[in-house]
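Listed below, chain by chain, are the residues.
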Number of protein chains: 2
Amino acid sequence: MHLSISAGVAFFVAFLLQAAGRDPLPSWNDTKPKQEIIAFVERVTKEGSPDFVPVPERIATFDNDGTLWAEQPIYFQALFIFDRIKALVPEHPEWKEREPFASLLKGDIKAVAAGGEKTAMELLMATHANMTSEEFEVVVRDWLATARHPKTGRPYTEMVYQPMLELLGYLRANGFKTFIVSGGGVEFMRAWAEKVYGIPPEQIIGSSIKTKFEIREGKPVLMRLPEINFIDDKEGKPVGIQQHIGHRPIAAFGNSDGDQQMLEWTMAGSGARFALLVHHTDAEREWAYDRKSHVGRLDKALDEAQTKGWTVVSMKDDWRTIFPK
Amino acid sequence: MHLSISAGVAFFVAFLLQAAGRDPLPSWNDTKPKQEIIAFVERVTKEGSPDFVPVPERIATFDNDGTLWAEQPIYFQALFIFDRIKALVPEHPEWKEREPFASLLKGDIKAVAAGGEKTAMELLMATHANMTSEEFEVVVRDWLATARHPKTGRPYTEMVYQPMLELLGYLRANGFKTFIVSGGGVEFMRAWAEKVYGIPPEQIIGSSIKTKFEIREGKPVLMRLPEINFIDDKEGKPVGIQQHIGHRPIAAFGNSDGDQQMLEWTMAGSGARFALLVHHTDAEREWAYDRKSHVGRLDKALDEAQTKGWTVVSMKDDWRTIFPK
């Protein structure tokens, strides 16, 4: 069967399927990860069970890049940056001569990558700062409406994982509040995540730049400043979770070493807990990468998952479908 | 009638009253503010009306000190700090000789206040930092269980405004999501606000100190560092709202110049909007203060409210009851 990627429809369908006793996770093979997810949800939702968790404590956090949508050949937000630089050249003709812009415009990504963090910051700020929060939202939405993935030719919002859409719906149908906790930019995600995942802006936590309240032409605006505010990755994820949610998740979902601390923080609470890693093992239907990848490296967290018995999804073996049809 | 201050009960009662066509705001006199609140809620919730607002956009933000609970003779969090310093003397005997602790322990609040921001920071960090987030929560809860207000002798959690509890319930019964946006410490409020106001931790925005993820005795913890992270006051309130909620409120409630920018930001959006200031005019039942008060000064925001037609509540004239019975 085909579930629509429209979040509202997908989750309503999930709810109905569950109510009718039908499989709420049809894109998952009937292997260990699916069994473990369902066993966990049944334990924490069964009233009177020693593992019962009241609804307000049913907090589930999801990484985004590589967990809810794809992240190859590079994080999609980086592809947004590249496209924006190209689109802004008419306003910035000097970029044709100035590094790192000149290399990027020539398509020499290797030279850009060699510039390291300083270069990355320069490109980030040139495309994310010095506009209002509302202007930025429009830029992201316009980009998503037309941009296509370089390999698949699909819109980025269709490169989300169908099994994870079903999982979000299944958890919500069981009283969970679902959050995104991503290293990606919080305002970048908020521009589309509600429509795609059914997760509202206030349940999205991410990296951010500073903003400043000011009155511009008599109207209050929030100006985006070229200065990092918070990096929501690795040790930053538990910090972001506590700042934003204020209680500890009982379930967390990731795919890389950037998610390791979020999973540790989640599992260290008392009572029933669940941690899951998506392992990218399917070179044919998606990409296969782990310990040596520059993007989405999964190395230490995979070791910890094996030691501690966290659930590991092999995309190749455990997912019937990867992308929505 | 007496509504319990137990949030769950109060809101359920509010819902039932409304469903039965009964007055959802019984502690409000039938004056202009109450009429304006009800008119606004009816406009934005009536399907097909040009002012209709879909449920996910029904965001209402509330200041805490002076808006939801009292703030005299000084913010209650400052009274918490004073009590904590006294309680910690056995662990810090050197404080008896060291300023600003020595003056505080002698009850010389004037000398403490004369120390300004540097002194305030020192006292804040001595009582709020260098422990885990979980340890701090226990400290706040234990304090609230026994501490009493110096004038009324009541627990602080009973010095909340009954009309505002009813308003929170009325808005929620009409599909609003209610948030606190306070200059107070976010973790200080989260320790009790869900029980008292029915507002869960993830809907509380406040000032914060930095935290750090670390492994202590094999267990991950979030250590509270003696360093300011964010001040959620004045220009900081719209910044905090955008960082945390990611969309603009359609209604905002405050009582001081610290709330002015939050109300401006709320009112500058398109469509139906509502801004309300609580004016402390009742020296008999509460306190009377505004333009010259050190705590909760209401001066510029009151001028702006008068110019722009924001709703202003006179506690003396518009509230039948102030504190829960």
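Being a predicted model, the structure only gives us computed values, none of them experimental.

Description of helix H12 (residues 260–267) of chain A
Part 1 of the argument: Across the 8 residues of H12 of chain A, 7 count as buried, placing the element largely inside the fold.
Part 2 of the argument: For H12 of chain A, the complete set of buried residues consists of Gln260, Gln261, Met262, Leu263, Glu264, Trp265 and Thr266 of chain A.

Here we look at the interface of chain B and chain A
Part 1 of the argument: Opposite the 35 residues of chain B that make contact, chain A presents 35 residues.
Part 2 of the argument: Buried area between chain B and chain A, both sides added, is near 2900 Å², and the carbon and sulfur share of it is 54%.
Part 3 of the argument: Linking chain B with chain A are 4 salt bridges.
Part 4 of the argument: The residue Glu134 of chain A makes a salt bridge to Arg248 of chain B at a minimum N-O spacing of 2.9 Å.

Description of the sheet that holds strand E7 (residues 311–314) of chain A
All names here are of chain A.
Part 1 of the argument: The 7 strands lie next to each other as E4-E3-E2-E1-E5-E6-E7, forming an open sheet whose pairing is mixed. Of all the strands in the sheet, just strand E4 (219–230) and E7 have a single pairing partner and so form its edges. Strand-to-strand twist across the sheet, computed as the mean angle between neighbouring axes with direction ignored, equals 30°.

A word on helix H3 (residues 76–88) of chain A
Because the α-helix completes a turn every 3.6 residues, residues three or four places apart line up on one side.
Residues and elements named next belong to chain A.
Part 1 of the argument: With 13 residues, H3 extends 18 Å between its outermost C-alpha atoms, agreeing within 8% with the 18 Å of an ideal straight helix rising 1.5 Å per residue.
Part 2 of the argument: When you tally the buried positions in H3, you get 10 out of 13 residues, the bulk of the element.
Part 3 of the argument: Among all positions of H3, only Phe76, Gln77, Ala78, Leu79, Phe80, Ile81, Phe82, Arg84, Ile85 and Leu88 are buried.
Part 4 of the argument: Buried residues along H3 sit against helix H4 (101–105), helix H5 (109–114), helix H6 (116–128), helix H7 (133–146), strand E2 (177–185) and helix H9 (186–190).

With respect to the relation of the copies chain B and chain A
Part 1 of the argument: The transform that puts chain B on chain A rotates by 180° and translates by 0.0 Å along the axis, for an RMSD of 0.0 Å. Taken together, the rotation and translation describe the operation of a two-fold axis. No C-alpha of chain B lies nearer the rotation axis than that of His244 of chain B, which sits 3.4 Å from it.
Part 2 of the argument: Comparing interface residues between copies, 100% of those in chain B also sit at the interface in chain A, which points to an isologous, same-surface contact.

Brief notes about the packing of H3 of chain A against H7 of chain A
All names here are of chain A.
Part 1 of the argument: Where H3 contacts H7, the two axes come as close as 11 Å, and the packing angle between them is 100°. Considering the angle they form, H3 stands roughly perpendicular to H7. Contacts between H3 and H7 involve Phe76, Leu79, Phe80, Asp83 and Arg84 from the first element and Phe136, Val139, Val140 and Trp143 from the second.
Part 2 of the argument: The residue inventory of the contact of H3 with H7, partitioned by class, reads 7 nonpolar, no polar and 2 charged.

Here's the deal with the pairing of strand E3 (residues 204–216) of chain A
All names here are of chain A.
Part 1 of the argument: Inspection of the sheet shows E2 paired to E3 by 3 bridges, in the parallel sense. Opposite Ile180, over in E3, you have Ile204 as the bridge partner.
Part 2 of the argument: Alignment of E3 against E4, held across 8 bridges, turns out to be antiparallel. Bridge pairing links Glu214 to Val221 in E4.

Looking at the packing of aromatic side chains
To describe a pair of aromatic rings, you give the distance between the ring centres and the angle between the ring planes.
All names here are of chain A.
Part 1 of the argument: For the structure on display, the rule yields 36 aromatic pairs over all chains.
Part 2 of the argument: Ring geometry for Tyr161 against Trp319: centres 5.4 Å apart, planes inclined by 50°, an arrangement best described as tilted. Taken as a pair, Tyr161 in the loop between H7 and helix H8 (162–173) and Trp319 in the segment after helix H14 (315–318) lie far apart in primary sequence, 158 residues in all.
Part 3 of the argument: An aromatic cluster of at least three residues, connected via ring pairs, comprises Trp69, Phe76, Phe80, Phe136, Trp143, Tyr156, Phe188, Trp192 and Tyr197.
Part 4 of the argument: It is Arg224 that lies over the ring of Phe136; its NZ or CZ is 4.0 Å from the centre.
Part 5 of the argument: Just above the ring of Trp265 sits the side chain of Arg248; from NZ or CZ to the centre is 3.7 Å.

A look at the side chain of His149 of chain B
Residue and element names in this part refer to chain B.
Part 1 of the argument: Among the structural elements, His149 can be located in the loop between helix H7 (133–146) and helix H8 (162–173).
Part 2 of the argument: At a separation of 3.3 Å, a polar atom in the side chain of His149 contacts the main-chain amide nitrogen of Thr152.
Part 3 of the argument: Those residues within four positions of His149 in sequence are excluded, and the remaining contacts are Gln72, Pro73, Phe76, Arg154, Tyr156, Met159 and Trp287.

Brief notes about the environment of Leu79 of chain A
Residue and element names in this part refer to chain A.
Part 1 of the argument: Topologically, Leu79 is positioned in helix H3.
Part 2 of the argument: By relative accessible area, Leu79 is classed as buried at 12%.
Part 3 of the argument: Along the chain, Leu79 and His149 lie 70 residues apart, while their C-alpha atoms are 8.8 Å from each other.
Part 4 of the argument: In this structure Leu79 touches Ile74, Trp143, Pro150 and Tyr156, once residues within four positions along its chain are discounted.

A few points about the confidence of the model for chain A
Low pLDDT means the predicted atomic positions in that stretch should not be read closely.
Part 1 of the argument: Averaged over chain A, the pLDDT score is 94; the fraction of residues at 70 or greater is 94%.
Part 2 of the argument: Model confidence for the complex: the whole-complex pTM is 0.93, and ipTM, which rates the interface, is 0.93.

Overview of the environment of Arg84 of chain B
Residue and element names in this part refer to chain B.
Part 1 of the argument: Along the chain, Arg84 turns up in helix H3 (residues 76–88).
Part 2 of the argument: Looking at Arg84, the relative accessible area reads 19%, which means it is buried.
Part 3 of the argument: It is 8.8 Å that separates the C-alpha atoms of Arg84 and Val139, two residues lying 55 residues apart in sequence.

A closer look at the pattern of salt bridges
Residue and element names in this part refer to chain A.
Part 1 of the argument: Going through the model one piece at a time under the given rule, you end up with 34 salt bridges over all chains.
Part 2 of the argument: Among the ionic pairs, Lys32 bridges to Glu36, the shortest N-O distance being 3.7 Å. Within this pair, Lys32 and its partner Glu36 are both found in helix H2 (residues 32–45), separated by 4 residues, close to a single helical turn.
Part 3 of the argument: By relative accessible area, Lys32 is classed as exposed at 57%.
Part 4 of the argument: Measuring nitrogen to oxygen at the nearest pair gives 2.7 Å for the salt bridge that ties Asp299 to Arg291.
Part 5 of the argument: Residue classification places Arg291 among the partly exposed positions, given a relative accessible area of 31%.
Part 6 of the argument: Residues joined in a network through salt bridges with shared partners are Asp63, Lys237 and Asp259.

The rules behind the values
- Residues numbered from 1 in each chain as written.
- Chains lettered and ligands numbered in written order.
- Predicted model: local features only at pLDDT ≥ 70, side-chain atom pairs only at ≥ 80, totals over all residues.
- Heavy atoms only, no water.
- Buried < 20%, exposed > 50% of the residue type's maximum accessible area, 1.4 Å probe, protein only.
- Helix = DSSP H or I, 4+ residues; strand = E, 2+ residues; numbered from the N terminus.
- Contact = heavy atoms within 4.5 Å.
- Buried area = accessible area lost by both parts, 1.4 Å probe.
- Salt bridge = Lys/Arg side-chain N within 4 Å of Asp/Glu carboxyl O.
- Pairing = 2+ DSSP bridges.
- Axes fitted to C-alpha atoms, helices over the stretch in contact; angles between N-to-C directions.
- Expected span 1.5 Å × (residues − 1).
- Least-squares fit on C-alpha atoms with pLDDT ≥ 70 in both.
- Parallel < 35°, antiparallel > 145°, perpendicular 65-115°, else oblique.
- Nonpolar A, V, L, I, M, F, W, Y, C, P; charged D, E, K, R; others polar.
- Phe/Tyr/Trp six-rings, centres within 6.5 Å; stacked < 30°, edge-to-face > 60°.
- Lys NZ or Arg CZ within 6 Å of the ring centre and 35° of its normal.
- Polar contact = N/O pair within 3.5 Å; in protein donor to acceptor, adjacent residues only side chain to side chain.
- pLDDT = per-residue confidence, 0-100.

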